Every structure is written in structure tokens, then in C-alpha cells.
Amino acid sequence: MKNIWMKYGAGAFFVAVLTGLDQLTKQLAVRCLADGPFVIWDGVFELHYSVNRGAAFGILQDKRLFFLISTCVILGVVLFFYSRIPQTKRYLPLQAVCLTIVAGALGNFIDRLRLEYVIDFLYFKLIDFPIFNVADCYITVSCVIFALLTFFYYSEEEWNLLFQGGKEKNAKV
């Protein structure tokens, strides 16, 4: 029972906290940035309120149903993968990556369900990077860390273990 709580209860709490932080920052953006941008570092980084009805870089505008369905599929795949990860310290980084991706996906999913668009507000003016949000950061950083874990941290044997059912007794690699 303790292992189930540690994996799923603590994981759900982690996702809830991260998703809550994302939603809080978006609400602050709505309230505080309505009158215009807030300059953090002149010419480099600003906060801009923006509505995004598409995906990254504004692609697939007004495809809300597509995003809702694809988010459900992605959440299902990530949660299935998460369920196969052994409960060992060795796999803690992978568990955190999965949960952070879930939190990011849920943050933007909530916006799409509730508002029919995603609230963005982080803007790197120096490189004129598209405006994004905290949930986008969760997903992007997690995907980079996932790639690093894949190539430099976990062995091929450890990955095989995950795809064979993630039995903890074999996880002491």
C-alpha cells in the first residue's frame, strides 16, 4: 500500500501542485498584463498577455478538438509508461519527467476546455521567440531531460526492463 501511495498519490500531488502553479501564473497574467507588457529585462525578457488558439509557434490555429483529443492520447501514453516505471531511486528522474509532462499537458488542456484557447505570457524579446507559458516550459524542459536520460543515463537493459513490464525485482541494474 505504501508503494502505491508513493508512486500514485505522491505523483498526483506533484502534478496537482505543478498544474496549480501553471494556472495561477496564467490568472496573474490575465489580471496584471491587461494594460500592456511588463518589462523584466529591457530588450531581453518581457511579460505579454497573449491568447493562443493553436499550438507552438501558432500552428494549427482553431483546431481545439484536435488538441483536446491529442492531449488525451498523449496523457494516456505517458501515464501508461509511468505505470511501468519501477519504484526505485534509479528511476526517480524518469518518474519526475513523466509527471512534469502530465502537468504541462493538463495545464494547457484546462485552458482549452475552460476558455477555448491557451493563455501565454512569457516573451524573450531578444530573440523574438513566440510567447509561451509555464506549462510549455514543463513540457519542453521535460522532453529535453527525457532525451538526456535516454542517451546518457539509462542503459539499453534498463529501457528493455520498462518495456517488459517494469518488474521491480529486476530493476536493480
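Residues numbered from 1 in each chain as written. Predicted model: local features only at pLDDT ≥ 70, side-chain atom pairs only at ≥ 80, totals over all residues. Heavy atoms only, no water.

Draft legend 1. Main features of the overall build of the chain. Counting its secondary structure elements, the chain contains five helices and three strands. Counted from the first residue to the last, the chain has its helices and strands arranged as α-β-β-α-α-β-α-α. Along the first, second and third principal axes, the C-alpha atoms of the chain reach 60 × 30 × 30 Å. Within the chain, the fraction of its 173 residues that count as buried is 39%. Contacts spanning at least 24 positions in sequence make up 67% of the contacts within the chain whose residues lie at least 6 apart. Surface exposure of the chain reaches about 10400 Å², of which carbon and sulfur atoms provide 69%. Between the mean site of the 16 positive side-chain charges and the mean site of the 14 negative ones, the chain shows a separation of 12 Å. (Helix = DSSP H or I, 4+ residues; strand = E, 2+ residues; numbered from the N terminus. Buried < 20%, exposed > 50% of the residue type's maximum accessible area, 1.4 Å probe, protein only. Contact = heavy atoms within 4.5 Å. Areas by Shrake-Rupley, 256 points an atom, 1.4 Å probe, with all protein chains shown as cover. Lys, Arg positive; Asp, Glu negative; His and termini not counted. Charge placed at Lys NZ, Arg CZ, Asp CG, Glu CD.)

Draft legend 2. Quick peek at the nonpolar core. Ranked by internal contacts, the top residues of the largest apolar core, which has 33 residues, are Phe81, Ile85, Tyr91, Leu94, Phe121 and Leu162. Breaking this core down by element, the ones donating at least two residues are helix H1 (2-32), strand S2 (45-52), helix H2 (64-83), helix H3 (92-115), strand S3 (118-124), helix H4 (134-153) and helix H5 (156-163). When near neighbours in sequence (up to four residues on either side) are disregarded, Ile85 contacts Lys7, Tyr91, Leu94, Gln95, Cys98 and Leu162. (Core = buried A, V, L, I, M, F, W, Y, C linked by side-chain atoms within 4.5 Å.)

Draft legend 3. Representation of the environment of Leu115. Tracing the backbone shows Leu115 in helix H3. Along the primary structure Leu115 and Val51 are separated by 64 residues, whereas in three dimensions their C-alpha atoms are 9.8 Å apart.

Draft legend 4. Main features of unusual backbone geometry. With a phi close to 75 degrees, Glu116 is a non-glycine residue in the positive phi region. In this structure, Glu116 sits in the loop between H3 and S3. Its identity is not glycine, yet Asp128 carries a phi of approximately 50 degrees, on the positive side. When you line up the elements, Asp128 lands in the loop between S3 and H4. Residue Asp128 is classed as exposed on the basis of its relative accessible area of 55%.

On their own, these measurements won't tell you what the molecule is for.
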